[in-house]
Each structure stands twice: as C-alpha cells, then as structure tokens.
Amino acid sequence: MKYQIAPLYCRPWTLNGITPRLIESHYENNYGGALNRLNAISAELERLDPATTPAAVINRLKRDEATALNSTLLHELYFASMGGDGRAVPEEMAEAIMRDFGSVQRWRQEFMALAEALGGGSGWVLLTYVPRDGRLVNQTATDHNQNISGGIPILAIDMYEHAYHLDFGANATAYIAAFMRNIDWDAVRTRYRNAVKVEPPPKLVQKQWPDLPAMTVEEVKSMIDAGQTIQIIDTRPRHYTTRAQDIMEGAVWRDPERVDEWIGELSRTDPVVTFCVYGFHVGCETAETLRKAGFDARYMAGGHYAWKAKKGAVKLFE
Ligand SMILES: [Fe+2]
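The structure reproduced in this document is the subject of the present report. (Residues numbered from 1 in each chain as written. Predicted model: local features only at pLDDT ≥ 70, side-chain atom pairs only at ≥ 80, totals over all residues. Heavy atoms only, no water.)

The coordination sphere of the iron ion contains the protein donors His 26 (NE2), His 75 (NE2), Asp 158 (OD) and His 162 (NE2), at a distance range of 1.8 to 2.1 Å. Note that the iron ion binds four donor atoms; their angles at the metal cover 87 to 133°, and the shape is tetrahedral. Each donor residue of the iron ion lies on the same chain, and together they follow the pattern H-x48-H-x82-D-x3-H. Taken together, the residues span a long stretch of sequence, with His 26 in helix H1 (residues 20-47) and Asp 158 in strand S3 (residues 152-158) at a distance of 132 residues. Judged on exposure class, the residue His 26 and its partner Asp 158 are both buried. (Donors = N, O, S within 2.8 Å, 3.2 Å for Na, K, Ca; no water. Tetrahedral: all angles 85-135°; square planar, octahedral: opposite > 155°, others 65-115°. Helix = DSSP H or I, 4+ residues; strand = E, 2+ residues; numbered from the N terminus. Buried < 20%, exposed > 50% of the residue type's maximum accessible area, 1.4 Å probe, protein only.)

Next comes the structure, spelled out in structure tokens:
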C-alpha cells in the first residue's frame, strides 16, 4: 500500500444540517474507494515493464492514476473544509479574500454560483492559491482533474451527488447552503498560511546586468497610454532586421552596433526604453551604454516578442 488512508478530519457529529450517516458513507465508499483504486493502479503500474508495455496501456493507467490521486486528495481537503461555524471568517482570510475578490460577499456568491452550476452534475469547486501571482482564485474541477497547475487548493466543496443525496435528495442548493454554514475557517487559514510560504516560480535573472533597470511591457504600455513622452528604441541586431516584419508602434529602429552615430539625436531629458528580440542581450547592452552616457535609459524585459505577446501595437517594419 503506497498511499495511506487519512483519518476523517472533521467531527461529523458537530456538523450543522449534514448527518454523520452522509459523511460516513462518503468517507467509507467514495474516499475509501478512490484511495483503494489509487493503490491498485499504482501497484499495476509498478508491475508492468515500461519497455515492453504498449504506450496506450501506460497512458490509460497514468490517466486513471491521476484521477484517483486527485479524488483522494480533494476528498481529504473536503472533509477538512468543514467543522467550523462558517460565519466568522478570520481577519487574515477576509483580507486575502477582499484583496482578490473585492469583498467576502462577492467571493461567496461566486463560489456558491460555481457549486450551483454543478448541481445535478458532478465535480468540485475549489478556492485555490496560485503562488505565481500570490493570489486566490475560485475554480471548478470536474472529473477530479483540471486543478490549476502549481495551485494549492485550500477549500473544497464536493458536488458529486454522493456528497449530498442521502441528506438532501436532489436539492443541491440546500446542500451548498449547509456546506457554507459548516466551513472551518480556522483550518482554511492554516492552509492559506502554508500555501503562501510556497515561493513563486523563479523569475528570469539577467546575471550580466544585475543592476540595470528594466521595464515590463505593461509599464511601457501604461506610460504610452498616459501620454508620457518616451523615446522607444528598437535595437534588434542589423542581421535580424532582414526577417523582421513588424516593429513596435512608436519605436524607431537604431543599429545597436552604431550607438555613437545616433546617440546625439536623443533628448537628454525624456526617458529612453530600448528593446531587442527577446530582451536578453542587445537591448540591455544598449541601455547600459546610454546610461553610462547619462541618459535615463532602461530596457524592456522580454523584448519585441513580449510586446507582441501582450498584443501591443505594431506597425510594418520598413
Ligand atoms: Fe465525494
């Protein structure tokens, strides 16, 4: 047995409007079922020889394994989501929810609407922390899959009928309301505190230019939109220009090899932004040269392609 069973986290007799009988059946049959399936699939995967087993067989088993593993993990989170009084959202949690949803009320309405939409169907609604952006999102996950990559779910409602039919029949709405009344916000807060300790994925580090100031394409865009005067210089290498089809709107191309020839054209008072194809070298080098000459120059991180990926305006390169 590779995966161990987790004891029931919430105390079923304390729940408000949800009977121990429902929780017992859910825990024993559905959670237990998922865990046993997971162990059976893992054992089967271990037994087979990946060198000789058809790829389609391995693929099917791995898909089933992911489904059973997610079902196991999400059921554990679900049972750990209840057992509180649902009302008193701790200040720290309320602040995080307000930051990312505008208000606790708005979060609640969205979370419940997503659950409502799964009534009569199946799936999960999760409140998930995304380390990349350091923010919380509500999400639906059907078939125990579709969890946000890198996301850490901290609250889950099970919308499979087996989660409510015994107590509520087909009345998913009454079940959702009962679930909300039973949320254990202290436990959610503990999971949130653990989740925010996860660092976002490492950012690109430009080791050659540790102190060179960069601007994101979003920052450049908002400067342009605000009507600020800004000198944008396309410093893509000359050899590249033969296959360049477009250029950032408002930018002029200047040969990065001949800075001396065009540096005199620049205004000394207005900020300068340089960019190259991807933002690794040439744009940085040029920005550094200009800074040494006393200009307020920065490079645009991600270069021409980041600008285009962000749907920044471009014109024909001539
Ligand atoms: Fe379930």
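Moving on, we come to helix H8 (residues 217-225). Note on helix geometry: an α-helix contains 3.6 residues per turn, so any two residues three or four positions apart are oriented the same way. Along H8, the positions that sit buried rather than exposed are Val 217, Val 220 and Met 223. For H8, the angular spread of buried residues about the axis comes to 125°, placing them on one side. Against the buried residues of H8 lie strand S4 (214-215), strand S5 (231-234), strand S6 (246-248), strand S8 (272-275), strand S9 (297-300) and helix H12 (303-309). Gly 227, located one to two residues past H8, shows a positive phi value of around 75°. (Arc of directions from axis to C-beta. Contact = heavy atoms within 4.5 Å.)

Moving on to the sheet that holds S4. Sheets are built from strands paired through backbone hydrogen bonds, the pairs being either parallel or antiparallel. The five strands are arranged S4-S9-S8-S5-S7 in an open sheet whose pairing can be described as parallel. The open sheet terminates on both sides in strands that have one partner only, identified here as S4 and strand S7 (251-253). One ladder, built from three bridges, connects S5 with S7; its direction is parallel. Its bridge partner being in S7, Ile 233 is matched across the sheet by Val 252. (Pairing = 2+ DSSP bridges.)

Secondary-structure assignment places Thr 286 in helix H11 (residues 282-292). For Thr 286, a relative accessible area of 3% puts it in the buried group. The residues contacting Thr 286, other than those within four sequence positions of it, are Thr 235, Pro 256, Val 259, Trp 262 and Thr 274.

This part is about the environment of Thr 67. Relative to the helices and strands, Thr 67 resides in helix H2 (residues 55-79). Through-space distance from the C-alpha of Thr 67 to that of Ala 309 is 33 Å; in sequence the pair is 242 residues apart.

Axes are the key here: two packed helices are described by the angle between their axes and the distance separating the axes. The geometry of helix H3 (residues 91-101) relative to helix H4 (residues 104-117) is characterised by a closest axis approach of 8 Å and an angle of 75° between their N-to-C directions. With respect to each other, H3 and H4 are oriented roughly perpendicular. Listed contacts from H4 to Ala 94, Ile 97, Met 98 and Phe 101 of H3 are Val 104, Arg 106, Trp 107 and Glu 110. A per-class count over the contact of H3 with H4 returns six nonpolar, no polar and two charged. (Axes fitted to C-alpha atoms, helices over the stretch in contact; angles between N-to-C directions. Parallel < 35°, antiparallel > 145°, perpendicular 65-115°, else oblique. Nonpolar A, V, L, I, M, F, W, Y, C, P; charged D, E, K, R; others polar.)

Here the focus is the pattern of salt bridges. For the structure on display, the rule yields 15 salt bridges. Among the salt bridges present, the one from Glu 46 reaches Lys 2, with a minimum N-O distance of 3.7 Å. Residue Glu 46 is located in helix H1, and its partner Lys 2 is located in the segment before H1; the two are separated by 44 residues in the primary sequence. For Glu 46, a relative accessible area of 57% corresponds to the exposed category. In this structure, the salt-bridge partner of Arg 132 is Asp 133, at a minimum N-O distance of 2.8 Å. Assessed through its relative accessible area of 58%, Arg 132 is described here as exposed. One salt-bridge network, in which partners are shared between bridges, spans Arg 238, Asp 255, Arg 258 and Glu 261. (Salt bridge = Lys/Arg side-chain N within 4 Å of Asp/Glu carboxyl O.)

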